[in-house]
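# Structure assessment
Here are the chains, one letter per residue:
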Amino acid sequence: MRVCLKGLLLLAVCLYGSSIGHAIDSPDEMLPDPVLEQKAQHIGQQLRCLVCQNESIEESSAPLAKDLRHIVRQQLQQGRSPKDITLWMTQRYGEFIRLQPRFSASTALLWLMPFLSLMIGFLLARPLWARRTSPPPAPLTVEERQKLNQFFNKD
Amino acid sequence: MRLTRRHYLAALPALGAAGLGGGFLYMLRHATQGTFDPKAVRNPRLGQAVPAFSPLPALPEQPTPCPGLSWQDFHTLTQPVLLLIWASWCLPCLEEIPFLRQHIAGETTTASPLALWGVCYKDTPSQAAHWLEQAHHPFSRLGMDYDGQCAIEWGVTGVPESFLILPHPLTGSRIVWHGTGSLTEALYREQIQPFLRGAL
Amino acid sequence: MQALFTTLLAALAPVFSPESGHFALALACVLAALQGILPLIGLRRAHSPLTALARPLALSHCLALLISWACLIIAALGDDFSLKLIADNSAINKPWPYKIAGLWGNHEGSLLLWVSLLSLYCALLALLPGQSPRHPAGLPPRLRSRLLALLGIVSAGFELFCLTTSNPFLRLWPVPIDGLGMNPLLQDPGLAVHPPLLYSGYVGFAVPFAFAISALLDGRADALWARYARPWVISAWALLTLGITLGAWWSYAVLGWGGYWFWDPVENAALIPWLTGTALLHSVIVVEKRSHLQSWCLLLALATFALSLSGTFLVRSGILNSVHAFANDPARGLFILALLGLYGGGGLLLFALRAPNLLPPATPSFTPLSREGALVLNNILLCTLCAIVLTGTLYPPFMQLLFGRTLSVGKPFFEATTTPFIIPLLLLMGGSMALPWRYAPINPTLRRLALPLCLTLGAILPAFWLFPTALAASVAVLALWVINAALNDLISRFYTMPQEHRGLSRLPRSLWATSLAHIGVGITMLGLCGMAGSQERLIEAQIGTHLHFGGHDWALTALTPHHGPNYEAVEAHIIIRRHDAHGPVLAILEPQIRLFPQQGQKILHVAIIHRPLEDLYAALGSVKEVQTPQDQNTYRVILRVHENPLASWLWFGGIIMAMGGVLHLIPARRKRRPACA
């Protein structure tokens, strides 16, 4: 299960990794190293701005978001891993700060919903396919086809 | 009429919708009464020990000096502490001034066991001093959090926020209550005082 | 011209006063109630004059609402700040188109828009020719009366809501000298037409809802029913598609973040009914052609409208946290919930009681590998996507309600969970068109798909070379597959026509429509993949700064002040040259930073050049004055520039999708009957 979820996450990261704009309004805020900066943006996009609604700290222009962006970059420069940084944030602001909730007992329904609804869908559709009573007619033989052609041509 | 599988299946959407509707009804009812706030954020520090933070300096140039605030101060607590994070630029902080002036400032001087400590969030000394003057300086300790780092350690998302910290001889002091928005008399009576009675 | 306009306004104002508007709204509510009750009584007692009242009532109901709009618009143009709605959302110096558009940029006005659009649908239903010897395909009059009655009941409830809790004609005392003006972000042509489009999509699903209720009351949802209902499903779907596309475009072009979809509850509220609506669009075909999936189709019709109702209104109750919701009011929420319970809940209850007794299909069943099978799979996938979005949107408030936990479900979650389902959906989309009904033998199907399959396989290598990530490349290949398959379908059908009757316009209209819609999806998907490779650069610049970015040379040549009607702005002139500073000029971008003194807000006005393969996008951040070493003042600005590959394909694809829908609605040319034998 875990592996599967991680796989999904990875897929999404590949697709959307660089597609999001952000609210950084000064180049000074960015790290000089583009690779590290990209990493910082990716971490920031997973963290919710606590002041505004449904914006990540990378997108928000709130002062608190700016402070948190700074902390993300500072800690990255100190060599901390993205996982550590997210954990650091979660210790202070709770699960609320994660835009992508962790898989746990309380979020199991959320994460399993795709599979559940897919399964329900197939269960509901099964009788439609299973109801097949008569096999489909065999394809026309050459003779039949000729007869038909004759019939239509005559018309 | 015999109930078949089709009947049960057909009833499921209505049941699901009823469940959702019931949930929404409950939320809306409680949102109007103020007991359900969809924007609330549960502070993870609740029930935990006081987070470590670097010492905050005192407000300089005060007629009556008030010491700053450090993490160690919370280890040697003898009485419950109400920690208030505020700023002079925030309107709800202005709103809670009358309450602070009447209640807390009065109670700390008399027999009440509650100490009021403050953290001034991202403010300038002069403006903070002006605010304090209006509030009759209710704090017995006040730290200036110029860069907002201390507030981040406490998981503060906006000012004003308040924390109630109770001393405990065995396990050390703990954060037992957390509130966002300005303190009011009703809030104090209903949510803070029960803890104080328990602590006595 | 201006004087004529003012005198005209002054002459009209006493007649079309806000009180007349209020009265017209109240009248509309009564007419809607009558439209709901009288025809139903007439149908029950088989009393045809009462039944026939549905049409005139629907038309007058619509007329009453149009009058109340006229009153509101005249008050807005005449700057009548004694109306609370106008005082809160307008201002004297606001350009006049936005004085009108601002009317629906708030709760009261948008609700009035909602009910008015519903009444327009009623009027359309009433005006379209009914079934007669001349129009054999028209709606039977009894069915039409019943539909109008059901829609009248829905309208009456919402008009009552409008009158009692959100009256747009409330007066204000004392009358302010000037209005507060609206959020400057909303002062944009895109947003002026966005709500009407989106709402006409939302509201449009009321008609299939009424069709479904009617079918449940009859206990029959046959092919004929599906044939009558299908154009209404398609039109609502096409409008919703356009509305969502425009919303995404607005996010992209106006918010200035460079993104286009943020998985905000308000956006999800539009996406959820779109997903069920798309599922409905496909399942109603199965009902029409093969008489299968009737109860499922009815459920989808009910659910789509219920979800679009909840989407429109629950975001206003303050339960769902959203960036761009209207002012929240839980008290209004209760009324809305009651209406939702009445209509959505009532519909589902009727479904629970009646659906099990629907007549079973008389047609033979099908195998999984068939057109029906593919459409069923399409429905499963679309509903799974819908379930994901719905659960993700509702999870946080319900977790808080049930367990007191606060958590967030945002963009990263939705992207991670929806992507795996989009891939099989695209795969299916390309293949399904080639499948015959009932039973698809494998080999002929593969042979039919051989050409697009080969073309798509050939595109794999270039795709992986062009697109930045493996996933973007694979989705792009799948999108190409969808486009190829749709084109292949058109072409192969073209060549199977007898030579003497061959012609592109002679191909069945529905085939054109489906192919176009699928091509539109493919184009949007390609745009999405292209945007995955978007790049941006943030620089601090002064006049004369050159930046080499995205293979072009970007030069800031001037900064000029700019006076708008109700704002002051600084405009940057950026000249983009191909390759380097001496190359040919590619484009000139003029982004602005606008200050609206009335609201004290700063708004980015981004500049975009749409090119076929990329968008060049520039946003001007802050401007600051600095001193040079020579003691001269100069300005330094923060510039954010983006290069967004295939960005315009996103919107273009959306328009093509909607065009597919529209094409299906245009009545087919009357077939010339062969001289009777």
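Small disclaimer: the values here were computed from a predicted structure and weren't measured.

### Some words on the environment of Leu65(C)
Residues and elements named next belong to chain C.
- Checked against the element boundaries, Leu65 lands in helix 4 (residues 54-77).
- Separated by 584 residues in sequence, Leu65 and Trp649 have C-alpha atoms that sit 38 Å apart.
- In contact with Leu65, other than residues within four places in its own chain, are Leu25, Ala28, Leu112, Val115, Ser116, Ser119 and Glu159.

### Let's talk about the pattern of salt bridges
- As enumerated under the stated definition, the model contains 22 salt bridges over all chains in all.
- A salt bridge links Arg92(A) to Glu153(B), with the shortest nitrogen-to-oxygen separation between them at 2.8 Å. On the criterion of chain membership, the pair formed by Arg92(A) in helix 4 (residues 82-93) and Glu153(B) in helix 5 (residues 149-153) is interchain, its members lying in two chains. In this structure, Arg92(A) and Glu153(B) share a single accessibility class: buried.

### Regarding the side chain of Gln35(C)
All names here are of chain C.
- The residue Gln35 is located in helix 2 (residues 18-44) in this model.
- For Gln35, a relative accessible area of 0% translates into the label buried.
- Ignoring any residue separated from it by four or fewer positions in sequence, one finds Gln35 in contact with Ala54, Leu57, Ala58, His61, Cys122, Leu148, Ala149 and Gly152.

### Overview of the nonpolar core
- In this structure, Trp114(C), Phe158(C), Phe211(C), Trp225(C), Leu298(C), Leu426(C) and Phe467(C) are the most contacted members of the largest nonpolar core, which totals 195 residues.
- It is helix 11 (residues 223-253) of chain C that provides the largest number of residues to this core, a total of 16 residues.
- Beyond its immediate chain neighbours, meaning those up to four positions away, Phe467(C) contacts Ala472(C), Ala473(C), Ala476(C), Leu526(C), Cys529(C), Gly530(C) and Leu646(C).
- One finds Leu47(A), Phe139(B), Leu164(B) and Leu183(B) within the second-largest nonpolar core, a separate group that totals 70 residues.

### Some thoughts on the interface of chain B and chain C
- Each side of the interface is counted separately: chain B has 25 residues, and chain C has 28 residues.
- Surface buried jointly by chain B and chain C totals about 2300 Å² across both partners, of which 75% is contributed by carbon and sulfur atoms.
- Where chain B touches chain C, the interface holds zero salt bridges.
- Where chain B touches chain C, the interface holds three residue pairs in polar contact (both at pLDDT 80 or more).
- Across the side of chain B that touches chain C, the residue classes tally to 16 nonpolar, four polar and five charged.

### Considerations on the domain arrangement of chain B
- Partitioning chain B into structural domains gives domain 1 (1-40) and domain 2 (71-199).
- Distance from the C-alpha centre of domain 1 of chain B to the C-alpha centre of domain 2 of chain B: 41 Å.

### Topic: the side chain of His552(C)
Residues and elements named next belong to chain C.
- Within the secondary structure, His552 is located in strand 3 (residues 552-563).
- A polar side-chain atom of His552 sits 3.1 Å from a polar atom in the side chain of Glu614.
- Setting aside residues no more than four positions away along its own chain, His552 makes contact with Leu547, Ile576, Arg577, Arg578, His579, Leu586, Glu614 and Leu616.

Here is what the cut-offs are and how they apply
- Residues numbered from 1 in each chain as written.
- Chains lettered and ligands numbered in written order.
- Predicted model: local features only at pLDDT ≥ 70, side-chain atom pairs only at ≥ 80, totals over all residues.
- Heavy atoms only, no water.
- Helix = DSSP H or I, 4+ residues; strand = E, 2+ residues; numbered from the N terminus.
- Contact = heavy atoms within 4.5 Å.
- Salt bridge = Lys/Arg side-chain N within 4 Å of Asp/Glu carboxyl O.
- Buried < 20%, exposed > 50% of the residue type's maximum accessible area, 1.4 Å probe, protein only.
- Core = buried A, V, L, I, M, F, W, Y, C linked by side-chain atoms within 4.5 Å.
- Buried area = accessible area lost by both parts, 1.4 Å probe.
- Polar contact = N/O pair within 3.5 Å; in protein donor to acceptor, adjacent residues only side chain to side chain.
- Nonpolar A, V, L, I, M, F, W, Y, C, P; charged D, E, K, R; others polar.
- Domains from an automatic or database assignment.

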